[in-house]
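Structural overview
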Amino acid sequence: MKKSRKWLTGILLASMMVIGLSGCGSSKSQETKVSKKADTIRIGTMDLVNEDLIARAEGYYEKQLGVKVKIVKFDSGKDVNTALAAGSIDVSELGSNPTALGIGNGLNYDVIYIGDIIGSAESLVVKNRANVNSLKELKGKKIAVPFASTSHYSLLNALKQNGLTENDVKLLDMEPNDIHAAWKRGDIDAAYVWYPVLNTLQKDGKILTGSDKLAQKGILTADLIVARRDFAKSNRNLIVKYIKALNQANELDQKDSDRSIKDIAKVLGISQKDAKFQRDGFEWIVGKKQLEKEYLGGNIAEVLKNTADFLKEQGNIKKAPDLEEYKNHVNISYLKEALE
């Protein structure tokens, strides 16, 4: 967990720097920059299997927004939070775990949309040679996972539910591509990761549990869409149009799943068979339904709060914000306007 704590410290320092710049009375150029209407929107992506892929493949962003669109790719939620803290992107998809961490550490952004509810697409896979048939048998094994990710949160909960702590195993902080390389070298016994790396690892491994099974036990994880407050305040129309593009992509997936699968395959550079397999591992929620209490209307704030409480219990953060703080960072007004 040491790397995770170092990262949290870095995020806190970065956000303090950003706050310090915007709050300085002599920094008029910064104030002008924040209030100026944007001619470009910088969209962060981790190539997660949700509406973002369809919007990019179909050109919905360009058609809806009417400004220059810059797609910025990231490998993990940690990197997304760092970019948001620095103001180098305006909106992005982000896992519920790093979202809870970011808000907990004072990053000034709001959850505005749900990209997907994570299911079997994130799972714990163990090497066949490890001779492990249950989670309890993972004791003493080397498990790789991207720290501060939804997979990390799910893994720690899975261990806890089976009477294990992080000290009972050897946790290694690795990005998905590094996990793949370590797996091939035989450096790790198991990994909690997402597709497409998960799909590759299963060729000589087996699934012990997944985020779909954990969700049935109340451990829900999701990929959310967040927007920096200063950008959204000055460019409300762009945020509304951005959500319209996501809604349009969601509707295409509902009406023409074959075309949706082709789009996913095209953006990710994979076969349509693999694209369908990945798509089936996520639940996409239509825009109107996202407003309900089960989702943005209430439960997502509780998911973020529960995540923060768990991370505090694990010693990843010193203090977890209260529920009202997380409710304050869920803004459904943009989605409501987009649906009108």
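Heads up: the structure comes first, above all this text.
This one's a predicted model, so the numbers in the text were calculated from it and none came from an experiment. (Residues numbered from 1 in each chain as written. Predicted model: local features only at pLDDT ≥ 70, side-chain atom pairs only at ≥ 80, totals over all residues. Heavy atoms only, no water.)

**Considering the sheet that holds strand β6 (residues 142–145)**
Strands sit in the order β7-β6-β8-β5-β9 across an open sheet of five strands; the sheet is mixed. Since the sheet does not close on itself, it has two edges, and those belong to β7 (170–173) and β9 (205–210), each with one partner. Ignoring strand direction, the axes of neighbouring strands in this sheet form an average angle of 25°. As paired strands, strand β5 (residues 122–127) and β9 are joined by five bridges and run antiparallel to one another. Paired with Leu124 across the strands is Thr209, a residue of β9. (Pairing = 2+ DSSP bridges. Helix = DSSP H or I, 4+ residues; strand = E, 2+ residues; numbered from the N terminus. Axes fitted to C-alpha atoms, helices over the stretch in contact; angles between N-to-C directions.)

**Some words on the packing of aromatic side chains**
All told, the structure shown has three aromatic pairs when counted by the stated rule. Ring geometry for Tyr153 versus Phe310: centroids 5.4 Å apart, planes at 85°, classification edge-to-face. Of this pair, Tyr153 sits in helix α7 (residues 150–161) while Phe310 sits in helix α16 (residues 299–313), and the two are 157 residues apart along the sequence. The aromatic ring of Trp284 is capped on one face by Arg279, whose charged end is 3.9 Å from the ring centroid. (Phe/Tyr/Trp six-rings, centres within 6.5 Å; stacked < 30°, edge-to-face > 60°. Lys NZ or Arg CZ within 6 Å of the ring centre and 35° of its normal.)

**Quick word on helix α14 (residues 272–279)**
Because an α-helix packs 3.6 residues into every turn, residues spaced three or four apart end up facing the same way. Of all the residues in α14, the buried ones are Ala275, Gln278 and Arg279. Down the axis of α14, the buried set is contained in an arc of 100°. They therefore lie on one face. Contact partners of the buried residues in α14: α12 (236–255), α13 (257–268) and β11 (282–283). (Buried < 20%, exposed > 50% of the residue type's maximum accessible area, 1.4 Å probe, protein only. Arc of directions from axis to C-beta. Contact = heavy atoms within 4.5 Å.)

**Overview of unusual backbone geometry**
The omega angle of the peptide bond from Tyr195 to Pro196 is 10°, so this bond is cis rather than trans. Relative to the assigned elements, Pro196 resides in the loop between β8 (190–194) and α9 (197–201). One non-glycine residue with positive phi stands out, namely Asp47, at about 55°. Topologically, Asp47 is positioned in the loop between β1 (40–45) and α3 (51–58). Residue Asp47 is classed as partly exposed on the basis of its relative accessible area, which comes to 23%. Phi at Asn131 takes a positive value of approximately 55°, unusual for a residue other than glycine.

**Here we look at the packing of α12 against α13**
Relative to each other, α12 and α13 sit at 125°, their axes nearing to 5 Å. Judged on the interaxial angle alone, α13 and α12 are oblique. Here Leu252, Asp253 and Lys255 of α12 lie close against α13, whose contacting residues are Ser257, Arg259, Ser260 and Asp263. (Parallel < 35°, antiparallel > 145°, perpendicular 65-115°, else oblique.)

**Re the packing of helix α6 (residues 96–104) against α16**
At their nearest, the axes of α6 and α16 sit 9 Å apart, and the two run at 75° to each other. On the basis of the axis angle, α6 is roughly perpendicular to α16. Side by side, α6 and α16 meet where Ser96, Asn97, Thr99, Ala100, Leu101 and Ile103 of the first sit next to Leu304, Thr307, Ala308 and Leu311 of the second. Split by residue class, the contact of α6 with α16 holds six nonpolar, four polar and no charged. (Nonpolar A, V, L, I, M, F, W, Y, C, P; charged D, E, K, R; others polar.)

**Some details on the pattern of salt bridges**
By the definition in use, this model includes 19 salt bridges. With a closest N to O distance of 2.8 Å, Asp253 and Arg279 form a salt bridge. Taken together, the positions of Asp253 in helix α12 and Arg279 in helix α14 put the pair 26 residues apart, joining distant regions of the chain. The burial state of Asp253 is the same as that of Arg279; both residues are buried. (Salt bridge = Lys/Arg side-chain N within 4 Å of Asp/Glu carboxyl O.)

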